[in-house]
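A look at the structure
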Amino acid sequence: MSRRDRLEQMPLYQKALQILKITMGLVEIVPKDNEYLQETTVRFMMENAMLLAPKIAGASAIDLYDLKMENATLVRKAARDLYVQAGSLRYEENIPDQDYIRLLRSEIEEFRLLFVDWVENFDQWNYIKDDWGLFNPPGVSAHDKDPDEDIPFDPDAFFENMGDGEDDDEE
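Just so we're clear, the structure is a prediction, and the values are computed from it rather than from any experiment.

So, on to the overall build of the chain. The secondary structure content of the chain amounts to seven helices and zero strands. Across the chain, helices and strands are ordered from the amino to the carboxyl terminus as α-α-α-α-α-α-α. Every one of the 171 residues in the chain was classed for burial, and the buried ones make up 32%. Counting contacts in the chain only where the partners sit at least 6 residues apart, residues at least 24 apart contribute 65% of the total.

Spelled out as structure tokens, the structure:
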């Protein structure tokens, strides 16, 4: 099975696509004459909904924990922002169908549960130390020295200390 096929079968990815479709439907019922809603809520909702699937795909395509977590963080932020933005539309009297809002928020809650399971399966020990300190596994600090940092290496002297191998056999 190809990587793309695995991605498309992933429940979290499928849910992200569902959220995008529902968001597209929801923004269609926001009154076009309300310039404020069109420029803020609708625009931001679409940006957040469109971010979910690509960032999940990005995280799924790499093995390094810190990069997976970076993508996961962006997914989490977009989903949470979308949840709040949809919730804020409940107070708009000009939104004729409040069912879209409830449906979207319900789908985001299901997405959250899938997200939790997804992140728990990241291999936190397959990492490169994050010098910013956000995505290091437990016990690894951004202040820690690189383990190879204190080993002096002189590339010019490297080959000087190597014999031709003949003396090693005689001893």
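With that settled, the discussion passes to the packing of aromatic side chains. Going through the model one piece at a time under the given rule, you end up with three aromatic pairs. Plain terms: the ring middles of phenylalanine 115 and tryptophan 118 are 5.8 Å apart, the flat faces sit at 55° to each other, and that makes the pair tilted. A residue pair is termed a helical-turn pair when its members lie 3 or 4 positions apart in one helix, as phenylalanine 115 and tryptophan 118 do in helix α5 (residues 99-120) at three residues. Residue tryptophan 118 is classed as buried on the basis of its relative accessible area of 11%. With a centroid separation of 6.2 Å and 70° between ring planes, the pair formed by tryptophan 125 and tyrosine 127 is classed as edge-to-face. Looking at tyrosine 127, the relative accessible area reads 28%, which means it is partly exposed. Cluster of aromatic residues (ring-pair linked, three or more members): Phe115, Trp118 and Phe122. The lysine or arginine in question, lysine 68, covers the ring of phenylalanine 122, its NZ or CZ lying 5.1 Å from the ring centre. Over the face of the ring belonging to tyrosine 83 we find arginine 105, whose NZ or CZ atom lies 3.8 Å from the ring centre.

So, on to the packing of helix α3 (residues 35-60) against α5. Where α3 contacts α5, the axes come no closer than 14 Å and their chain directions differ by 20°. With respect to each other, α3 and α5 are oriented roughly parallel. With respect to the hand of their crossing, α3 and α5 are arranged in left-handed fashion. Residue-level contacts link Met45, Leu52, Ile56, Ala59 and Ser60 of α3 to Leu104, Phe111 and Trp118 of α5. Among the residues making up the contact of α3 with α5, the classes are represented as seven nonpolar, one polar and no charged.

So, on to the side chain of aspartate 130. Among the structural elements, aspartate 130 can be located in the loop between α5 and α6 (155-158). Salt bridges are absent for the buried aspartate 130, whose nearest opposite-charge side chain, lysine 129, sits at 9.0 Å. Here phenylalanine 135 takes part through its backbone nitrogen, which lies 3.0 Å from a polar atom of the side chain of aspartate 130. Contacts of aspartate 130, omitting those with residues within four sequence positions, involve Phe135, Asn136 and Ala142.

So, how was this worked out
Residues numbered from 1 in each chain as written. Predicted model: local features only at pLDDT ≥ 70, side-chain atom pairs only at ≥ 80, totals over all residues. Heavy atoms only, no water. Helix = DSSP H or I, 4+ residues; strand = E, 2+ residues; numbered from the N terminus. Buried < 20%, exposed > 50% of the residue type's maximum accessible area, 1.4 Å probe, protein only. Contact = heavy atoms within 4.5 Å. Phe/Tyr/Trp six-rings, centres within 6.5 Å; stacked < 30°, edge-to-face > 60°. Lys NZ or Arg CZ within 6 Å of the ring centre and 35° of its normal. Axes fitted to C-alpha atoms, helices over the stretch in contact; angles between N-to-C directions. Parallel < 35°, antiparallel > 145°, perpendicular 65-115°, else oblique. Left-handed = near helix turned anticlockwise from the far one by under 90°. Nonpolar A, V, L, I, M, F, W, Y, C, P; charged D, E, K, R; others polar. Lys, Arg positive; Asp, Glu negative; His and termini not counted. Salt bridge = Lys/Arg side-chain N within 4 Å of Asp/Glu carboxyl O. Polar contact = N/O pair within 3.5 Å; in protein donor to acceptor, adjacent residues only side chain to side chain.

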